[in-house]
Structures are given as structure tokens and as C-alpha cells.
Amino acid sequence: MRKELEILIEMQKRDDEISKLQVLIENLPKQLSNLKKNVATAESGLKTVKEEIENNKKEEDKLELEIRSNKDMMGKYQNQLLTIQTNKEYKALNKEVSHLEKKNEDLEDEIVELMEDQEDLRVNQQGFEDDLKSAKQELAENEQRLENEIKEVNKDMEVIRSERKELAKELPMPIVKKYATLIKNRHRKALVYNIGNTCGGCGFMIRPQVMVELHEGEKILFCESCSRIIVLNKED
Ligand SMILES: [Zn+2]
């Protein structure tokens, strides 16, 4: 029985390792994909803001063109004013000219607004460019390391699993089954040590008779509350 206990202790050590590796196997790829996501987010933000700047510029060009054509028109009207005969015609033309003047003032205001927007957009662009630069740098600094670590932990996991499998072969099938059920149902802790006269897994009090047997170390003992295998804590 001592031999079986020793094997169970070794198996639990492997399962403790497996728990640690599982955390890494879950987290490392997440870290890597987050770094890649940061680059993609900055890239798409930069693309959007560049498009906005371009649209803003196009709109400004369009308004500039409109102002120029209004000015051309005003020039023509002003020439016509010189040759006009009737008061009525003069008034009508003059009204046209002031209408165009007013329109150009509004267009100028719109352009000023567009230019202010443009300034904000440039600030945003700079922000995304900075983000992109640091996201790319962070990815470059960590990508290879994370990929290596991911390979490494997967390899370690394989080794440890096969070690545990080999250990299990040395135990009777019912004990292996019991152990496996506990691993599955007790947060990967099938075997625990006593803490004083309590179970190290759930804190349940161990009866004096069981404590005696625990010290003898001849039997596989189970906690009467959580069913885990209890082994004597030699440092206690
Ligand atoms: Zn317990």
C-alpha cells in the first residue's frame, strides 16, 4: 500500500503541474492575439481618420471651386452693371451680386469650420500613428517569445500527461478510476495532505482513529467529507 500511496503522490504532483500549464495554455495565445488585435485596431483607426481627412479636403476643394465660380459670376454682373440702361435692371442685377456675396461669406465660414475639423483630425491621426507604432513594437518584441512559449508549454503538457499515464499503469484499475473521478470533480486535487487534524482539501475534521491510520501510512484513506485521498503531511 505504501507503494501505491507514493505513486498517487507522484500522480498528484503531475496534476498540479497540469493545472499550472493549463493556465498558460489558455493565457499565452490570448496575450499574443491581444497584441495582434492592438495593431489591427490602430491600423483600422488610422485608415478611417485618413479617409475622413481626405473627404474633408475634397469638401473644402468643392467649396473653394464654388466660391471662385461665384466670383466669376459677380465679375460678369459688375461689367453688365456698367452698361445697364434701366433702373429696374440695375436693381435686379445688384441684388444678384449681393446675393452671391452673401453666399460666398457663408461658404467661407463653412471652409473655416472644415479647417478646424481638419486640425482635430490631424491630431487624431497622430494619435493613431503613435498607437500603431507602439503596438507594432510591442508585437515585434513579444511575438517570437510567446510563440516559443506556447510550443514549450504544449510540449511540457504532453510529457507530463504521458508520465502520469505511465504512473497510473502501476496502480489497480479501481484506484485509478477513483483518482480520475476526484481529479475531475475536485478542481484537479485528488490527493491532499492533512493540516493538523483536518483535511487539507476541505478543512473537515479527521477522526482520531483515522489520524492513527494516517500516521501508520499503510492504507489509502479518504476524507469523510470531500472524499479526497488524505496523506500524512510529514512536516506537520
Ligand atoms: Zn476533505
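Since we're looking at a predicted model, the values are computed, not measured.

Visitor: Before we move on, could you go through unusual backbone geometry and cite the residues and values that matter?
Guide: The phi torsion at H187 lies on the positive side, around 50°, for a residue other than glycine. Topologically, H187 is positioned in the loop between α3 (173–185) and β1 (191–195). We note that R188 has phi near 60°; this positive angle belongs to a residue other than glycine. You can see R188 is positioned in the loop between α3 and β1.

Visitor: I'd like a rundown of a negative patch on the surface, residues and numbers included.
Guide: Together, D61, E64, E101, E105, E108, D109, E110, E113, E116, D117, E119 and D120 line one region of the surface with negative charge. With 10 residues, helix α2 (residues 87–169) is the single largest residue contributor to the negative patch. As for its placement among the helices and strands, E108 is situated in helix α2.

Visitor: Any details on the nonpolar core? Residues and values, ideally.
Guide: One finds L21, L28, L32, V39, L132, L139 and L146 to be the most contacted residues of the largest nonpolar core, which totals 19 residues. At the level of secondary structure, the elements contributing two or more residues to this core comprise α1 (2–83) and α2. Examining the composition of this core, we find that 10 residues originate from one element, α1, more than from any other. In this structure L32 touches L139, E143, L146, E147 and I150, once residues within four positions along its chain are discounted. Grouped together as the second largest cluster of nonpolar side chains are 18 residues, L171, I183, I220 and I229 included.

Visitor: I'd like a rundown of the environment of K234, residues and numbers included.
Guide: Note on placement: K234 falls in the segment after β4 (229–231). Taking the C-alpha atoms as reference points, K234 and A190, 44 residues apart in sequence, are found 18 Å from one another.

Visitor: Tell me about the sheet that holds β4, residues and numbers included.
Guide: An order of β2-β1-β4-β3 is seen for the 4 strands of this open sheet, with the pairing classed as mixed. Either end of the sheet is taken by a strand with one partner, and the two such strands are β2 (198–199) and β3 (221–222). For β1 and β2, the ladder comprises 2 bridges, and the chain directions are antiparallel. Its bridge partner being in β2, I195 is matched across the sheet by T198. Contacting β1 and β4, α1 crosses the sheet at an angle of about 105° to β1.

Visitor: Describe the domain arrangement of the protein, naming the residues involved and giving the relevant values.
Guide: Domain annotation of the protein identifies domain 1 (26–159) and domain 2 (178–231). A separation of 68 Å is found between the C-alpha centroids of domain 1 and domain 2.

Conventions and cut-offs
The residue count restarts for each chain, going from 1 along the sequence in the order it is written. Per-residue local features are limited, in this predicted model, to residues with pLDDT of at least 70; the limit for side-chain atom pairs, both in listing and counting, is 80 or more; totals at the level of whole chains, interfaces and linings are taken over all residues. Side-chain measures here rest on the full set of heavy atoms in the structure, leaving out hydrogens and waters. Counting from the N terminus, the helices are DSSP H or I runs at least four residues long and the strands are E runs at least two residues long. Grouping into patches uses exposed residues only, defined as over 30% relative accessible area, and leaves out salt-bridged ones; the cut-off is 9 Å for like charges and 5 Å for nonpolar side chains (Val, Leu, Ile, Met, Phe, Trp, Tyr). Computed by Shrake-Rupley with a 1.4 Å probe, the accessible areas treat only the displayed protein chains as cover when residues are assessed. Note on definitions: salt bridges are taken to be side-chain nitrogens of Lys or Arg within 4 Å of carboxyl oxygens of Asp or Glu. When charges are counted, Lys and Arg contribute as positive and Asp and Glu as negative, whereas His and the chain ends are disregarded. Where a charge lies is defined by one atom per residue type, namely NZ (Lys), CZ (Arg), CG (Asp) and CD (Glu). The nonpolar core is taken to be a set of buried Ala, Val, Leu, Ile, Met, Phe, Trp, Tyr and Cys residues, with the residues joined through side-chain atoms within 4.5 Å. Buried, partly exposed and exposed residues are distinguished by accessible area as a fraction of the type maximum, computed with a 1.4 Å probe on protein chains only: under 20%, between the cut-offs, and over 50%, respectively. Residue contacts are defined here by distance: any two heavy atoms, one from each residue, within 4.5 Å place the two residues in contact. Pairing between strands is defined by DSSP: at least two bridges between the two strands are required. With axes taken as lines fitted to C-alpha atoms, and helix axes fitted only over the stretch in contact, angles between N-to-C directions fall between 0 and 180 degrees. How far each domain reaches was decided by an automatic or database domain assignment.

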